[in-house]
Each structure stands twice: as C-alpha cells, then as structure tokens.
Number of protein chains: 2
Amino acid sequence: MSVEIWGDKWTLLIIRDLMFVGKKTYGDLLASEEGIATNILADRLKMLTENGIVEQTQTAGTRSGSAYKLTQKGIDLLPIMAEIYLWSDAHLDISDDLRRRIQSIKDDKAGFIADTARELSKGDG
Amino acid sequence: MSVEIWGDKWTLLIIRDLMFVGKKTYGDLLASEEGIATNILADRLKMLTENGIVEQTQTAGTRSGSAYKLTQKGIDLLPIMAEIYLWSDAHLDISDDLRRRIQSIKDDKAGFIADTARELSKGDG
DNA sequence: CTGTATCCTTAGGGATACTG
DNA sequence: CAGTATCCCTAAGGATACAG
C-alpha cells in the first residue's frame, strides 16, 4: 500500500512542494518551512526518483540537472492530495490562507485537478 | 497538513484495517499482516483517539470497551483512501486479489464510498 | 548552488514480560 | 483478551563539514 510514500513525513512534504508550491530546485525544497536536512532531502529525492514519481529535468546542455519535477505517475497523486486538503479543510484547524486556497478545490475539484495537472505537465518529454 | 496521520506507516495501516478489513478489536489489529508491536498499536490508537479519528465502542455495560471504530472524522478519510487505492492500481505492482477489490472502486467510486461509509456508521451514537 | 559524507544523538519500535 | 511497562538496539535524522 505504498507505505514508502505515505508512511513518511518528508516525502509527503516534498510532493506537496513540487505539486502546489511551485518549488523546483534542490535549494527551493531545502528551504521548506519545516526545515529538512540536506541528507534527508537527497535521500528522499533519490527514493522518489527510483520509484518514478519524480525526475530531474534535463535541459540538455545546461550543467547540473538541478530542477526536479513530478512524472506523470507523480502527477497522478493529485487526486489524493486534493482529498487530503479537503479533509483538512473540514476537520483541521488550518490557516485562513490555506483555507482560501482549498476553496478553489471545493469549487471545482475536477477542474482544479485538471488545471494543476496541465500546469505540472508543461514541457514534458 | 496532518503529517501525524500521513507521515506514519502504522497509523495508515490501522486506518486501513478499520476501514476495509473489518477489524474491530485490539487483537484483530494486533494480528495485522505486517506485525505491529503491542506498544506501538496502543500508542497509535491513543493518538488516533485523541485526534478524534477513532473511538472505543461503549456498549454500556459490556466490560471493557475492547472494540474500536472510526468516528465520522475517520470515515471522512474514505475518499483519500479510495484515491490511494486507485493510484496503487494504476501504478503499483499489487496482488490480483487487491486489484479485484479495487475494481469496485473504479466501477463506481461515489457508490463505493457511500456504501462503505454507511457500513462503517452502523450503530453510531 | 547541488549535493555527499560523517558524526552523533534521540526516538521509534521490536521483543517480551507482566498486569487488570 | 486488552493493554502497560521495560529493555535494548537499530535506524532516522539533525548538524555540519566537505566536494563537484
């Protein structure tokens, strides 16, 4: 039951950041609000890459594949994340800001997922 | 982002067992395929209870509230679990048996969720 | 900036004995 | 059967120095 992904705090936060927060680089992810350690971040990115959920952008020529992005398999996690947010909205004490952003999921879940997925797929190869 | 729940392997498995496997008692849960330790199980059940996701059935008079069940808040996790299963079906190497059971979610997700929720709510007080 | 390597500490958790 | 209490040990992970 994909416990590797759902049984780890940091993995979840990385996916969130790549999916919704627009983070792309190692440095972006490192600067997460929660303060992940460098070795942990590297370890999780490796695991996610090995599992085909994340990949490094190869802009062929650009030195260092510093950018990460979700693969289609990773993008397919969107419905799960959306449901997690909806549940959080209903049952958790969250910030007004987050609640406002969740409103767009409530307004049109399918649309939100489709739009976000399209955005994440930009420039896929 | 409810990292308590989604960042812990055992918590996820307990919810799964209560939600889909029909387990109710401490002993049932203890006998999980994955082999949870007694102290860990007790700890997680306590955490889930404190978070209002699980409650002990009080059959008023029956000694020892040995049965656990999901609260409404816990039942509301159903859409998330359903999406996790759908994702697993699409992207993971799972058993034929599990795939067969997921088929019923694919056939009618809303119906599956409604039916399961109703089943879990039986005898709520 | 993107990682890798090491060190060191703590907490998670397996095993198991024990209690109501 | 339903938990609690201990013990012990490994592994997760924070801090940080180092490397490409």
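That block above? That's the structure.
Residues numbered from 1 in each chain as written. Chains lettered and ligands numbered in written order. Predicted model: local features only at pLDDT ≥ 70, side-chain atom pairs only at ≥ 80, totals over all residues. Heavy atoms only, no water.

What follows covers the protein's contact with DNA strand C. Taken together, 14 residues lie around DNA strand C, and G27, T38 and Y68 of chain A together with T38 and R44 of chain B are the ones closest in. For DNA strand C, the fraction of protein-proximal atoms (within 4 Å) that sit in sugar or phosphate groups is 55%. One of the side-chain N or O atoms of Q56 of chain A is found 3.4 Å from a phosphate oxygen in DNA strand C. In the environment of DNA strand C, a base oxygen lies 2.8 Å from a nitrogen or oxygen atom belonging to the side chain of T38 of chain B. For the surface near DNA strand C, the elements supplying multiple residues, two or more each, are α3 (26-30) and α4 (38-50) of chain A together with α4 (38-50) of chain B. Among the residues making up the surface near DNA strand C, the classes are represented as 5 nonpolar, 8 polar and 1 charged. (Near = heavy atom within 4 Å. Polar contact = N/O pair within 3.5 Å; in protein donor to acceptor, adjacent residues only side chain to side chain. Helix = DSSP H or I, 4+ residues; strand = E, 2+ residues; numbered from the N terminus. Nonpolar A, V, L, I, M, F, W, Y, C, P; charged D, E, K, R; others polar.)

The next thing to look at is the nonpolar core. One recurring pattern in soluble globular proteins: nonpolar side chains tend to sit buried together. Core analysis: the biggest nonpolar cluster contains 71 residues, and W6 of chain A together with W6 of chain B have the highest contact counts within it. Element by element, the count of residues in this core is highest for helix α6 (residues 78-91) of chain B, at 8 residues. With residues up to four places along the chain from it excluded, the contact list for W6 of chain B reads W6, G7, D8, L12 and I84 of chain A together with M1, L12, L77, I80, M81 and I84 of chain B. (Core = buried A, V, L, I, M, F, W, Y, C linked by side-chain atoms within 4.5 Å. Buried < 20%, exposed > 50% of the residue type's maximum accessible area, 1.4 Å probe, protein only. Contact = heavy atoms within 4.5 Å.)

We now examine the side chain of S88 of chain A. In this fold, S88 of chain A is placed in helix α6 (residues 78-91). S88 of chain A sits in the buried class, given a relative accessible area of 3%. Dropping the residues within four chain positions of it, S88 of chain A is found in contact with I94 of chain A together with S2 of chain B.

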